[in-house]
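Next come the chains, spelled out residue by residue.
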Amino acid sequence: MKQAAGLRGIGGTAALPLAVLIALVAGASLLLLSHVFRKEAVEDGSATVERVSETIETWFARYSALAPIYARDPRVIAAMEQSRAPGELRELNLELEAWNRLAGSSDTYVMAPDGTTLAASNWNGEVSFVGQNFAYRPYFKNAMAGEPAEFFGLGTTSGLRGYYFSAPIVGEGGAILGVLVVKITIDALERTLRDTAHPVFVTDEAGVIIISGSPALRLTALGEIDETDRARIEETRKFALSAVTPAPIEPAGSWLGGEFPVVRAPAPNANAEPRSYLHLSRALPSREWRLHLLYDAAGLNRQFWIAALALAAAAIAISSLIALALQRRRRLIERLGERERARDALERRVALRTADLTRANERLEAEVAERRAAEAELRRTQSELIQAGKLAALGQMSAGLSHEFNQPLTAIRSYSENAIAFFEAGRGDRAAENLGRVLRLTERMAQLSKHLTRFARRSPDGISPVRVGPVIAEALTLLSARIERADARVTVEGQVDVQVFGGAVRLQHVVMNLVGNAIDASPSGPPVIAIRLEPRGEEVAMIVEDNGHGIPDAALDSIFDPFFTTKEVGKGLGLGLSISYNIVRDFGGTMQAENRSEGGARMTVTLRRAEAPAQEAAE
Ligand code: ADP
């Protein structure tokens, strides 16, 4: 129970904090994810910047060595030493043209110390440099000062952006005879730059975009061009300042704590909306230029949101699983609680029932004790009643008995007197005959007296096999006086040898009661009484039928009740059948009363048949 309450606490209140926790973790994960993504973008972008920077350096390095090498060529020096007028160096023109073609450069040309082009690879082209003066270009000035130089600028003749490498042509005496220039266009470089995944451009020292994969950015300025730079641009005719517009790149915040600026710039596809880019840049090592890379944040954002969505989906899945688990736990707890309550209720009911049962048991025990006492009392009363019944029977018998005894006594007296007289008369034979009668009479009286003593004795409760025939015979002997007086005819038929469970004296009492009642029921005519013994399975029926007036219908249900009698006062006590009924029940038998269709009553006593061998039961 205690445990269940604890579990319920967790299940019920943990859901809300858990949801908040999940939200916090998800938020923190998003921040972390964004940080990781941006960091990766910075690293990736920086690596690209490095790579592109190297590409640019290599590209320029490829051409930077050409001018000094050409300048040292004896044919060039020899031509310059002759210091011919422009147009006269036909062979050198052809030489320069061949070199230019081989190197893949835009133009290769030679300038006199005054800045006039003496020979050029494009001598035969639409636009020829031969005869043109580029003395204003810094690359010329620097080379004339004895140093190889480089310069970016818009071609004054071609209008194309070009890059110039120059080297002094030194004569044998060490004098500077002129300048050799190799010009390249940066279109090829820009084509290479277009292939990088993110827009790349290069700004010069004034912040003007001089090289860019995207045409929209070319010759636009990242910031304000200061006065010094303006002056230099004009002086060197690098490009027309009026054509330089502000770059369409606007600041749009920053990443990772302001360290990395984010800008909005035109997409590589001219028709697309401007996009957000991470702006990375570094100085190019060998020039005063800066290389810029606009790292496309859109793709990164897409990846970030996909990852965030995956994270959210995972969080939702985990939350759902947790919610499901919590719900299941809650249900489990509820079920446990219900079971607990049901068990408690059951225990309470059982306790109540047990108490009830205990009380009922106590009551029952008390009742059993009472019943036992009552039974003992009943048994005592019953045996007293039997005794009383016997006394009553004795009373009834006494009249008959006095006659029974007086009659033989009178007869004995006359037979004795006769015997004396015959002796005196010398008639010994007659005297003996009379004495013999006396003897038989006394024997009969002795037998009667013996029956009486046995009948009056209190009978024990024991039950044993009893032969029915002799019991009936003895009862009839005791009733012989009454039978004679009523002139009754009593017959006994059937299985007289059968044995039943019972007590001889009590059974004899039953027979005497039934036969006595049968005699009483025929006051007018001579009673005809039939006693029959019939086997009925495990039992034996003793049927006593008479031809008397029968039992009134109203009395049929009550004749076995104690003190029920229809006989006049003094004649019947109403105890005979009640006692007989109880005796038979004690023997395990039954007793029934009915009227015969031809008149008279039929009393049926069933008794349990005994298998044991006959044994005269003496009670
Ligand atoms: P009592 O003989 O003292 O009246 P019993 O219990 O023996 O008491 O008999 C009860 C009553 O049953 C009798 O008064 C009588 O009315 C009726 N009875 C018993 N046996 C017979 C019978 N064979 N024929 C008609 N009535 C009978």
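On a predicted model such as this, the values are computed, not experimentally measured, just so you know.

1. Let's talk about the UniProt feature "transmembrane region" (unreviewed entry) in the protein chain
When the UniProt feature table is mapped to this numbering, "transmembrane region" (unreviewed entry) covers residues 304-326. A distance of 32 Å separates the end C-alpha atoms of residues 304-326, which is 100% helix and 0% strand.

2. Focus: the site of the ligand
Neighbouring the ligand are 20 residues; Asp-546, Thr-565, Thr-566, Lys-567 and Leu-577 lie closest to it. The contact in question runs from an oxygen atom of the ligand to an N or O atom on the side chain of Asn-517, over 2.9 Å. Here an oxygen atom of the ligand sits 2.9 Å away from a polar atom, N or O, in the main chain of Leu-577. Within the residue set of the shell around the ligand, elements represented by two or more residues are helix H13 (504-520) and helix H14 (576-586).

3. What to know about the sheet that holds strand E13 (residues 290-296)
Strand order in the open sheet formed by six strands is E7-E6-E13-E12-E11-E10, and the pairing between neighbours is antiparallel. Two strands close off the open sheet at either side, each with one partner strand: strand E7 (209-212) and strand E10 (250-255). Averaged over all pairs of adjacent strands, the angle between their axes in this sheet comes to 35 degrees, without regard to strand direction. Two elements, strand E6 (residues 200-203) and E7, share three bridges in a ladder whose sense is antiparallel. Across the sheet, the residue bridging to Thr-203 is Ile-209, located in E7.

4. Concerning a nonpolar patch on the surface
Taken together, Leu-16, Val-20 and Leu-24 make up a surface patch of nonpolar side chains, about 330 Å² in accessible area. One can find Leu-24 in helix H2 (residues 15-64). Look at Leu-24 and you get exposed, because its relative accessible area is 58%.

5. Remarks on the nonpolar core
Counting 66 residues, the largest nonpolar core has Ile-56, Phe-60, Ile-169, Leu-180, Ile-211, Phe-239 and Trp-289 as the members making the most contacts within it. Looking at which element gives the most residues to this core, the answer is H2, with ten residues. Judged by nonpolar contacts, the second largest core, of 44 residues, contains Ile-472, Leu-479, Val-584 and Val-605.

6. Considering helix H7 (residues 187-194)
For H7, the complete set of buried residues consists of Leu-189, Glu-190 and Leu-193. The arc that holds every buried residue of H7, seen down its axis, measures 100 degrees, which confines them to one face.

7. A closer look at unusual backbone geometry
Located in the positive-phi region is Leu-219, a residue other than glycine, with phi close to 50 degrees. One can find Leu-219 in the loop between E7 and strand E8 (220-221). The phi dihedral of Asp-487 is positive, around 60 degrees, even though this residue is not glycine. Secondary-structure assignment places Asp-487 in the loop between helix H12 (480-486) and strand E15 (489-494).

8. A few points about the pattern of salt bridges
Inspection of every chain in the model, using the stated rule, returns 29 salt bridges. When salt bridges with common partners are traced through the structure, they connect Arg-532, Glu-534, Arg-536, Glu-545, Glu-594, Arg-596, Glu-598 and Arg-602 into a single cluster.

9. Some thoughts on the confidence of the model for the protein chain
Here the protein chain averages 85 in pLDDT, and 91% of its residues register 70 or above. This model gives residues 1-12 a pLDDT under 50, and the stretch forms ten contacts once residues within four places in sequence are excluded. Note that residues 612-619 has pLDDT below 50 and, in this model, 20 contacts with residues that lie over four places away or in other chains.

10. Things to note about the side chain of Glu-545
Checked against the element boundaries, Glu-545 lands in strand E18 (residues 539-545). Accessibility expressed as a relative area gives 10% for Glu-545, which makes it buried. Here Arg-532 takes part through its side chain, which lies 3.4 Å from a polar atom of the side chain of Glu-545. Within the structure, the side chain of Glu-545 is placed 2.7 Å from the side chain of Arg-602, a separation counted as a polar contact.

11. As for the sheet that holds strand E17 (residues 528-536)
Spatially, five strands are ordered E15-E17-E18-E20-E19 in an open sheet, and the strand pairing comes out mixed. This sheet does not close on itself; its edge strands, each paired only once, are E15 and strand E19 (590-595). Averaged over all pairs of adjacent strands, the angle between their axes in this sheet comes to 15 degrees, without regard to strand direction. Direction of pairing for E19 relative to strand E20 (residues 601-608): antiparallel, over a ladder of six bridges. Residue pairing for E20: Asn-595 is matched across the bridge by Ala-601. Those strands touched by H13 are E17, E18, E19 and E20, and its axis lies near 140 degrees from that of E17. Strands E19 and E20 of the sheet are contacted by H14, whose axis makes an angle of about 135 degrees with E19.

What counts, and at which threshold
In every chain, residue numbers begin from 1 and rise along the written sequence. Given that this is a predicted model, residues contribute local features only at a pLDDT of at least 70 and side-chain atom pairs are listed and counted only at 80 or more, while totals for whole chains, interfaces and linings are drawn from all residues. Hydrogen atoms and water are omitted, and side-chain values are computed over all heavy atoms in the structure. UniProt positions are given in the numbering used here, feature names are shortened, and annotations may be inferred rather than shown by experiment. Counting from the N terminus, the helices are DSSP H or I runs at least four residues long and the strands are E runs at least two residues long. Distances are taken per atom, and a residue is near a molecule or strand as soon as one of its heavy atoms is within 4 Å of it. Any N or O atom pair separated by 3.5 Å or less is treated as a polar contact, with the protein-specific requirement of one donor-capable and one acceptor-capable atom, and with residues adjacent in sequence counted only for side-chain atom pairs. The rule for pairing is simple: two strands pair if DSSP sees at least two bridges between them. Note on geometry: axes are C-alpha line fits, over the in-contact stretch for helices, and angles between N-to-C directions span 0 to 180 degrees. Patches draw on residues past 30% relative accessible area with no salt bridge. Two like charges within 9 Å are joined, as are two nonpolar side chains (Val, Leu, Ile, Met, Phe, Trp, Tyr) within 5 Å. Where accessible areas are quoted, they stem from the Shrake-Rupley method and a 1.4 Å probe; at the residue level, only the protein chains shown are allowed to cover. We count a salt bridge whenever a side-chain nitrogen from Lys or Arg sits within 4 Å of a carboxyl oxygen from Asp or Glu. For every residue, the accessible area obtained with a 1.4 Å probe (protein chains only) is divided by the maximum for its type, and the residue is called buried under 20%, exposed over 50%, and partly exposed between those limits. What we call a nonpolar core is a set of buried Ala, Val, Leu, Ile, Met, Phe, Trp, Tyr and Cys residues that are connected through their side-chain atoms within 4.5 Å. Arc definition: it is the arc formed by the directions from the helix axis to the C-beta atoms. pLDDT is defined as a per-residue confidence score from the predictor, taking values between 0 and 100. Should any heavy atoms of two residues lie within 4.5 Å, those residues are counted as being in contact.

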